[in-house]
Each structure stands twice: as C-alpha cells, then as structure tokens.
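Secondary and tertiary structure notes
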Amino acid sequence: QVRLVESGGDLVQSGGSLRLSCAASGINFRLYTMKWYRQVLGQERELVATITHNSSRIYADSVKDRFTISRDNVRNTVYLQMSSLKPEDTAVYSCSTFAYGRNFWGQGTQVTVSS
C-alpha cells in the first residue's frame, strides 16, 4: 500500500521558517519523482516544488529563492524547507507521487503565516 504522511505544519509569523516532511512507504522511493502542492479553500491547487529521482528540482515562481525541496532516499522522506514566509504562503501543503497507475496524496499539513 502506498502511503504518504506529511508533518511539520505550524503557525508562524511573517519572515519565519518551517520545514515540512513527507514520509513515503509502499514504493521504491529512490526511483520516484516527488512533488509538494498547496491549496487554499476555494482556490485551485498549486504545484509548489518538484524533485525527480536524480534530484532535479523545479519551483513555482512564487516560492523560488525562498523554498528548498530535498529528499533523503535512506529515510524515504521528501522535505520542503520554507524561509522568509509570507501570509500568502498560508495553505494546506500536501505531497504527491505517481505510482502504480495513479496519483497518491498525503493527508496534508496546515501552514499558517500571520502578519
């Protein structure tokens, strides 16, 4: 069974930092591209960052130079390090991967940035 479990979301002030984690199981993790998305109620889901099996990285313009995606293939975990947080970063953050013919999602973790 493919399972993705996010953690690390919190309430933080503008300018602060957080590190999100997504622990994966049920896949040969090192072979898979992993993605972080975020979504605000009533808005479209936004792709935030992508990391491939060979650690190629892509970021949304809105987070470039502030967020860093990384992976640990021993711990089967993908991270999103977020710095210089802004109120507009407030959202539910979820990790995702495509495996066994479908997209899988974690339950999401709430990030709230206060002004």
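Worth saying up front: this structure is predicted, and the values here are computed from it rather than measured.

Below, the discussion takes up the state of the cysteines. Within the structure shown, the criterion is met by 1 disulfide. Note that cysteine 22 is cross-linked by a disulfide to cysteine 95, the S-S spacing being 1.9 Å. Classification of the bridge connecting cysteine 22 and cysteine 95 rests on its S-S torsion, roughly 55 degrees, and on that basis the disulfide is right-handed. In this pair, cysteine 22 sits in strand β3 (residues 18-25) while cysteine 95 sits in strand β9 (residues 91-99), placing the two residues 73 residues apart along the sequence.

Turning to the sheet that holds strand β1 (residues 3-7), a few remarks are in order. As summarised here, the arrangement of the 4 strands in space is β1-β3-β8-β7, forming an open sheet in which the pairing is antiparallel. With partners counted over all chains shown, the strands left at the sheet margins are β1 and β7 (67-72), one partner each. Pairs of neighbouring strands in the sheet enclose a mean axial angle of 15 degrees, with direction left out of account. Sheet analysis places β1 next to β3, joined by 5 bridges and oriented antiparallel. Among the inter-strand pairings, serine 7 is bridged to a residue of β3, identified as serine 21.

Bringing the nonpolar core into the picture now. Ranked by size, the top nonpolar core spans 31 residues in total, and within it Trp36, Phe67, Ile69, Val78, Leu80, Met82 and Tyr93 carry the most contacts. Listing elements by their share of this core, those giving two or more residues are β3, β4 (34-39), β5 (46-51), β7, β8 (77-82), β9 and β11 (109-114).

Turning our eyes to something else, we now look at the side chain of threonine 97. Among the structural elements, threonine 97 can be located in strand β9. Relative accessible area serves as the criterion here: at 2%, threonine 97 is assigned to the buried category. Of the polar contacts made by the side chain of threonine 97, one reaches the backbone oxygen of threonine 33; its length is 2.8 Å.

This part is about the pairing of β8. As a general feature of sheets, a regular strand has side chains that alternate between the two faces. Most of β8 sits inside the fold, with 5 of its 6 residues counted as buried. One ladder, built from 6 bridges, connects β3 with β8; its direction is antiparallel. Across the sheet, residue cysteine 22 finds its bridge partner in β8, namely valine 78. With 6 bridges joining them, β7 and β8 adopt antiparallel strand pairing. Across the sheet, the residue bridging to serine 70 is tyrosine 79, located in β8. In this antiparallel pair of consecutive strands, β7 and β8, the connection spans 4 residues, and asparagine 76 shows a positive phi of 55 degrees.

Cut-offs used in this document
- Here the residue index of a chain counts from 1 through its sequence in written order.
- The predicted nature of this model means local features are confined to residues of pLDDT at least 70 and side-chain atom pairs, given and counted, to a pLDDT of 80 or more, with totals for whole chains, interfaces and linings taken over all residues.
- As a rule here, side-chain values come from all non-hydrogen atoms in the structure, and water together with hydrogens is ignored.
- The criterion for a disulfide is a pair of cysteine sulfur atoms lying within 2.5 Å.
- Helix and strand labels come from DSSP, where a helix needs a run of H or I of at least four residues and a strand needs a run of E of at least two; each type is numbered from the N terminus.
- Strands were regarded as paired on the criterion that DSSP finds at least two bridges between them.
- Only the stretch in contact is used when fitting a helix axis, every axis being a line fitted to C-alpha atoms; angles between N-to-C directions are given from 0 to 180 degrees.
- Buried Ala, Val, Leu, Ile, Met, Phe, Trp, Tyr and Cys residues form a nonpolar core when they are joined through side-chain atoms within 4.5 Å.
- Exposed residues in this analysis have more than 50% of their type's maximum accessible area, buried residues have under 20%, and partly exposed residues fall in between, with area computed by a 1.4 Å probe over protein chains only.
- Polar contacts here mean pairs of N or O atoms no more than 3.5 Å apart (in protein, one a potential hydrogen donor and the other a potential acceptor; neighbouring residues in sequence count only if both atoms are side-chain atoms).

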